[in-house]
Amino acid sequence: MPSIGFRLTTSYALALSATMIAFGAAVYWERTASTAREAELQLDGRLVAEVEFTRTALEQVAKRTGTVASGMRILGREADTSWVLANEVRAYLEGLRDYLWIVDETGYPIFTSSAASGIGGEAVKSVKNVMLRQPLQQAQGTLDLVPGSARFRYYLMPVDSAGPHVRALLLAAQPQPDDRGPQQLLITMIFMAPIILVASAVLGSWLAGRSLQPVDVMIEELRAIQDGRSLHRRLAVPTGDDEISRLGTQLNAMLGRVEQSFMALRRFTADASHELKTPLMVLRAGVERSLTHPKTPSEIVGVLDETLRQINQMGELVTNLLTLARADEGRSALQVSQTDLRALVLDAKETAEILGEQQEVSVTFELPASRLVVPVDAARIRQLLMNLITNAIKYTPAGGRVVIRLSEDVDNVLLEVQDSGIGIAPGDTPNVFERFWRADPARTRTGDRPGSGLGLAIAKWIVGAHGGTIGVQSRPGRGSTFTATLPKVPADSSGAPFGDP
Ligand code: ADP
């Protein structure tokens, strides 16, 4: 594929050639036509002058001699007829190069110039038609006298006072346009065309190179961004608001987003490896200890117990990671169906109460009196609910309470999980929905509140995929309220990726 610069130059040169050819043809055609028009005008002027002169000459001779045409004519027998034009007139007329006819009242030619005597029968007929036209009056026009050659201009003049027989005279000639002007123009154009073409190609190539130079610079700068470490670099955007500076600005914005995603991905990978490494280390330590120091059966059961706990935790972590990875890829399309949310929340009641009992936390439900049917993915909403409920119970000390509320307004369904637990510091609330974020990682990883920091990230994805929002209000030591707002008519965002990891 040739470069843009080359394509621009050739297109420019081709467009210019086409314009030049069209312009040249128009100018040449116009020049030729105007030359022909000029020639006709000149000829018309000459014909008028000559006809006037001839008529005057005929009339003067007739004044002196009574008539210019003498002789006899036998009606119906043209061959035997012989008009004789007065000699002095005839001598003058025979010198004419043009086509001249003088006819009598019947259309019979009293005089035919030597040029005119050579034309064919058809042409003679059309001349006669013109000369016998009624009423007879002076006229100008064109006639086709010699087939295959340019048409003739004629001038017809009635003759009244040149004796009894002379009716009219008609003088015709071909216009002789001076072709030298248009030809000279054509030669000049043919000569100039390649020079202009080459000059414009050179100029076009220079201009294309100049305007594409910033693009070349950008390509070099982009080439220098090889890996994640150089993602912080940005392109030098030319000033102004042309396409290239807009392209540069957009590329820089895209680089910014790529850098952000890359950093988030790096953080995510590091966190995920770290999360998996910790339980693995615990497992390994337990197994090594059991192997090196022989244990009593009850001690071995204790190690196996811990091993199972770590394996379960790892399994949960891997499941959560897979859920988010699928969401990022856009592979987690929602299975939306009309679902009664009241029944769905009631289904979770028993589990929540058991969990509450274990932690000595009271769990109560405030539900609407009737069904609350909305189009949602029931399995995902159940997951969202369980994530919020387990968190609420997990982060509420014994003796506290958790309330789960379901309500609706005009457009939305509201799912609230309120607890009287440890709460979240004001500065931390924006972070709780981030992947792997935990208020106190060291304590919660293996301690009494195990977790991986993915539960709320998944909750946020589920609500977002339903076109809703999730937020938290919290006061440290007083408790937290998580509120998920789900639209009754879902926006078309099912299965949408969840954004940055
Ligand atoms: P985890 O597995 O750690 O619970 P989550 O994503 O569910 O992960 O929660 C992230 C962090 O948000 C938790 O580690 C905790 O610090 C905080 N958090 C979540 N829910 C509550 C709550 N109800 N009360 C107080 N803190 C909470």
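What counts as what
- Residues numbered from 1 in each chain as written.
- Predicted model: local features only at pLDDT ≥ 70, side-chain atom pairs only at ≥ 80, totals over all residues.
- Heavy atoms only, no water.
- Helix = DSSP H or I, 4+ residues; strand = E, 2+ residues; numbered from the N terminus.
- Core = buried A, V, L, I, M, F, W, Y, C linked by side-chain atoms within 4.5 Å.
- Buried < 20%, exposed > 50% of the residue type's maximum accessible area, 1.4 Å probe, protein only.
- Contact = heavy atoms within 4.5 Å.
- Patch = residues over 30% accessible without salt bridge, like charges linked within 9 Å, V, L, I, M, F, W, Y side chains within 5 Å.
- Areas by Shrake-Rupley, 256 points an atom, 1.4 Å probe, with all protein chains shown as cover.
- Salt bridge = Lys/Arg side-chain N within 4 Å of Asp/Glu carboxyl O.
- Near = heavy atom within 4 Å.
- Polar contact = N/O pair within 3.5 Å; in protein donor to acceptor, adjacent residues only side chain to side chain.
- Nonpolar A, V, L, I, M, F, W, Y, C, P; charged D, E, K, R; others polar.
- Axes fitted to C-alpha atoms, helices over the stretch in contact; angles between N-to-C directions.
- Parallel < 35°, antiparallel > 145°, perpendicular 65-115°, else oblique.
- Left-handed = near helix turned anticlockwise from the far one by under 90°.
- Pairing = 2+ DSSP bridges.

Student: Can you help me understand the environment of G464 in this one?
Tutor: Residue position: G464 is located in helix α11 (residues 455-465). Sequence spacing of G464 and L14 is 450 residues, and the spatial spacing of their C-alpha atoms is 55 Å.

Student: I keep staring at the nonpolar core and nothing clicks. Help me out?
Tutor: Nonpolar side chains tend to gather and get buried jointly when the protein is soluble and globular. In terms of nonpolar packing, the biggest core is built from 51 residues, with L341, I381, L384, L385, I404, I470 and F482 touching the most fellow members. Of the residues forming this core, the biggest block, nine residues, is contributed by helix α9 (residues 378-394). Not counting residues within four places of it along the chain, the set of residues in contact with L341 comprises L372, V374, V376, I381, L406 and V413.

Student: Looking at this model, I keep getting lost on a nonpolar patch on the surface. Mind explaining?
Tutor: On the surface, Y12, L203, W206 and L207 cluster together into a nonpolar patch covering about 410 Å² of accessible area. Of all the elements, helix α4 (residues 180-224) adds the most residues to the nonpolar patch, at three residues.

Student: When you look at the site of the ligand in this model, what are you seeing that I'm missing?
Tutor: Around the ligand sit 19 residues, and of these N391, D419, R438, A439 and L456 come closest. At 3.2 Å from an oxygen atom of the ligand is found a main-chain nitrogen or oxygen belonging to G455. One nitrogen or oxygen atom from the side chain of S480 is found 3.5 Å from a nitrogen atom belonging to the ligand. Here the ligand loses 97% of its free accessible area of 530 Å² to cover by the protein chains. Take the shell around the ligand: its biggest share by element is three residues, from α9. Tallied by class, the residues present in the shell around the ligand amount to nine nonpolar, seven polar and three charged.

Student: So what exactly am I meant to see when it comes to the packing of α4 against helix α5 (residues 243-292) here?
Tutor: The description of two helices packed together rests on the angle between their axes and the distance between the axes. The contact between α4 and α5 brings their axes to 10 Å, and the two run at 15°. Taken together, the axes of α4 and α5 are roughly parallel relative to one another. By crossing handedness, the relation of α4 to α5 is classed as right-handed. Along its contact with α4, which presents S211, P214, V215, M218 and L222, the element α5 presents I244, L247, G248, L251 and L255. Here the residues of the contact of α4 with α5 are counted per class, giving eight nonpolar, two polar and no charged.

Student: Can you help me understand unusual backbone geometry in this one?
Tutor: With the exception of glycine, the majority of residues adopt a negative phi angle, and the majority of peptide bonds are in the trans configuration. For E360, which is not glycine, the phi torsion reads 55° and is therefore positive. Along the chain, the position of E360 falls in the loop between α8 (349-359) and β9 (362-366). Overall, E360 belongs to the exposed group, its relative accessible area being 56%. The residue F436 is not glycine, and still its phi comes out positive at about 70°.

Student: Would you explain the sheet that holds strand β5 (residues 139-143) in this entry?
Tutor: Strand pairs in the sheet, formed through backbone hydrogen bonds, run parallel or antiparallel to each other. Spatial ordering of the open sheet is given by β4-β3-β7-β6-β5, a layout of five strands whose pairing is antiparallel. Each having just a single partner strand, β4 (109-112) and β5 make up the two edges of the open sheet. On average, each strand axis in the sheet is inclined to that of its neighbour by 20°, with strand direction left out of account. Bridge count for strand β3 (residues 99-104) against strand β7 (residues 166-173) is six bridges, and the pairing is antiparallel. Counterpart to I102 in the pairing with β7 is L169. Here helix α1 (residues 4-65) sits on the sheet and contacts β3, β5, β6 (152-158) and β7; the angle it forms with β6, its principal contact strand, is near 30°. Sheet strands touched by helix α3 (residues 121-131): β3, β5, β6 and β7. Its angle to β7, the strand with the most contacts, is close to 130°.

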